[in-house]
Amino acid sequence: MPAKQKRILVAEDDPTTRRWIAEILRAERFAVTVASDGRAAWQKLRKAKFDLVVLDVWMPKMNGLDLLAAMRGKKMCPKVIVITSDDTPGTLLAAVRERAYHYLAKPIERETLLTLVNDTIGQRDGAPPIEIVSARPEWVELLVPCSMESATRLEAFMMHLEAGLSEDVRNSVAQAFHELLMNAIEWGGKLNPKRRVRISYLRAKRMLLYRIADPGPGFRFADLDHAAISHGGPIDHGFVREQKGLRPGGFGLVLVQAKVDELLYNEAQNEVVFVKYLD
């Protein structure tokens, strides 16, 4: 028996973009419905069930953020990918607060859109949300479920928060953040989505500061025989991780230190702070 066709609602006020997205998704055998403003999208959502909404933020009559807030009251709420040319921290964090699943900045590339749509539809329903404690652009604080799915979503959002920085700084911070977040989720949270990692992101004029606090009891560096700090380099490190069945590609704490300017652990070593100076 063939799989049931997935239904997608595309809510976008620009007719060219709306038609382009719809044609791409229909070519991939999705059942696509379109709406030209937020109010029309809300009416369609009240009458029919969708697996996914591709949602522009700034639309007439009812903007995308207001529509997201209204959707939270639905018993069966579809996943949402937010698309917008407005990548300011305020808009981004508002989308996260209203539980947008992913965020895609315009201009949109076809392959990026399809990858994100397929990944989002393929994720299981009922995953715990990422909770926002603070949403000020200079001080973001989040509670993140200890799952690989949540980590992937979080990293996509955090990359947009660092817009305006040089590519070198963004790459260094992204790599360090990825490794430390994965350590917190794998080792502190034991990949249990009921447990949460607390993430703080502080952006000042001359520095970025991240603080990652996991729910575990901590560790000793001497016990981390999977880490690069205990081996001759990234190749040996990767081999040991593969033997242990751990995620591939982790580059270890030694290389984290090379990517940032300050790396500090608390006494129990279940909280870590890293700093990247911008001067």
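The following paragraphs examine the structure supplied in this document.

1. Some remarks on the overall build of the protein
Next up, step 1: A tally of regular secondary structure across the protein gives nine helices and eleven strands.
Next up, step 2: By residue count, 47% of the 279 residues in the protein fall in the buried class.
Next up, step 3: Accessible surface, the protein as shown: approximately 14200 Å² in total, 51% of it carbon and sulfur.

2. Concerning a positive patch on the surface
Next up, step 1: Positive charge collects at one region of the surface, where Lys4, Lys6, Arg7 and Lys49 lie side by side.
Next up, step 2: Position of Arg7 relative to the elements: it lies in strand β1 (residues 7-11).
Next up, step 3: Take Arg7: its relative accessible area is 31%, and that puts it in the partly exposed class.

3. Some points on the sheet that holds strand β10 (residues 262-265)
Next up, step 1: Within the open sheet, the six strands sit side by side as β6-β7-β8-β9-β11-β10. Their pairing is antiparallel. Edge positions in the sheet fall to β6 (131-136) and β10, since each has one partner strand and no second. Across the sheet, the mean angle separating the axes of adjacent strands is 15 degrees when strand polarity is ignored.
Next up, step 2: Bridge analysis of strand β8 (residues 196-203) against strand β9 (residues 207-213) gives six bridges, and the strand direction is antiparallel. Its bridge partner lying in β9, Leu202 is registered against Leu209.
Next up, step 3: In the packing of helix α6 (residues 148-161) onto the sheet, contacts are made with β7 (139-145), β8 and β9, and the angle to β7 comes to roughly 165 degrees.

4. Some points on the pairing of strand β2 (residues 31-35)
Next up, step 1: Where β1 and β2 come together, five bridges link them in parallel fashion. Note on β2: the bridge partner recorded for Ile8 is Val32.

5. Here's the deal with the side chain of Ser172
Next up, step 1: Structurally, the position occupied by Ser172 is in helix α7 (residues 167-188).
Next up, step 2: Of the residues examined, Ser172 reaches a relative accessible area of 8% and is grouped as buried.
Next up, step 3: With near-sequence residues (within four places) excluded, Ser172 lies in contact with Lys259 and Lys276.

6. Here we look at the packing of aromatic side chains
The description of an aromatic ring pair uses the distance of the two centres, along with the angle that the planes make with each other.
Next up, step 1: Considering all chains together, one arrives at three aromatic pairs under this definition.
Next up, step 2: Ring centres of Phe177 and Tyr210 lie 5.0 Å apart, and the angle between their planes is 40 degrees; on these two criteria the pair is classed as tilted. Remark: Tyr210 occurs in strand β9 and Phe177 occurs in helix α7; sequence separation between them is 33 residues.
Next up, step 3: On the numbers, 5.2 Å between centres and 70 degrees between planes, the contact of Tyr201 with Tyr210 is edge-to-face. Residue Tyr201 shares its accessibility class with Tyr210, and that shared class is buried.
Next up, step 4: Above the face of the Phe50 ring, Arg7 is positioned so that its terminal group lies 4.8 Å from the ring centre.
Next up, step 5: Sitting above the plane of the Tyr101 ring, Arg153 keeps its charged end 4.2 Å from the centroid.

7. Topic: unusual backbone geometry
Next up, step 1: Residues Lys106 and Pro107 are joined by a peptide bond in cis, for which omega reads -5 degrees.
Next up, step 2: Counting through the fold element by element, Pro107 comes out in the loop between β5 (102-105) and α5 (110-122).
Next up, step 3: Residues other than glycine seldom take positive phi values, yet Arg29 does so here, at roughly 70 degrees.
Next up, step 4: Looking at the secondary structure, you find Arg29 in the loop between α1 (15-27) and β2.
Next up, step 5: Among the residues examined, Arg29 registers a relative accessible area of 64% and is labelled exposed.

8. A word on the environment of His178
Next up, step 1: Within the secondary structure, His178 sits in helix α7.
Next up, step 2: Residue class for His178 comes out partly exposed when judged on its relative accessible area of 28%.
Next up, step 3: Taking C-alpha positions, His178 is 7.4 Å from Glu155, a pair spaced 23 residues apart along the chain.

9. Let's talk about the packing of helix α4 (residues 89-97) against α6
The relative placement of two packed helices is expressed as an angle between their axes plus a distance between the axes.
Next up, step 1: Close contact between α4 and α6 brings their axes to 9 Å; oriented N to C, the two are set at 165 degrees. Looking at the two axes, α4 sits roughly antiparallel to α6. The element α4 and its partner α6 pack so that their crossing is left-handed. Contacts between α4 and α6 involve Pro89, Leu92, Leu93 and Val96 on the former and, on the latter, Phe157, His160 and Leu161.
Next up, step 2: Looking at side-chain class alone, the contact of α4 with α6 contains six nonpolar, one polar and no charged residues.

About the criteria used
Residues numbered from 1 in each chain as written. Predicted model: local features only at pLDDT ≥ 70, side-chain atom pairs only at ≥ 80, totals over all residues. Heavy atoms only, no water. Helix = DSSP H or I, 4+ residues; strand = E, 2+ residues; numbered from the N terminus. Buried < 20%, exposed > 50% of the residue type's maximum accessible area, 1.4 Å probe, protein only. Areas by Shrake-Rupley, 256 points an atom, 1.4 Å probe, with all protein chains shown as cover. Patch = residues over 30% accessible without salt bridge, like charges linked within 9 Å, V, L, I, M, F, W, Y side chains within 5 Å. Salt bridge = Lys/Arg side-chain N within 4 Å of Asp/Glu carboxyl O. Lys, Arg positive; Asp, Glu negative; His and termini not counted. Charge placed at Lys NZ, Arg CZ, Asp CG, Glu CD. Pairing = 2+ DSSP bridges. Axes fitted to C-alpha atoms, helices over the stretch in contact; angles between N-to-C directions. Contact = heavy atoms within 4.5 Å. Phe/Tyr/Trp six-rings, centres within 6.5 Å; stacked < 30°, edge-to-face > 60°. Lys NZ or Arg CZ within 6 Å of the ring centre and 35° of its normal. Parallel < 35°, antiparallel > 145°, perpendicular 65-115°, else oblique. Left-handed = near helix turned anticlockwise from the far one by under 90°. Nonpolar A, V, L, I, M, F, W, Y, C, P; charged D, E, K, R; others polar.

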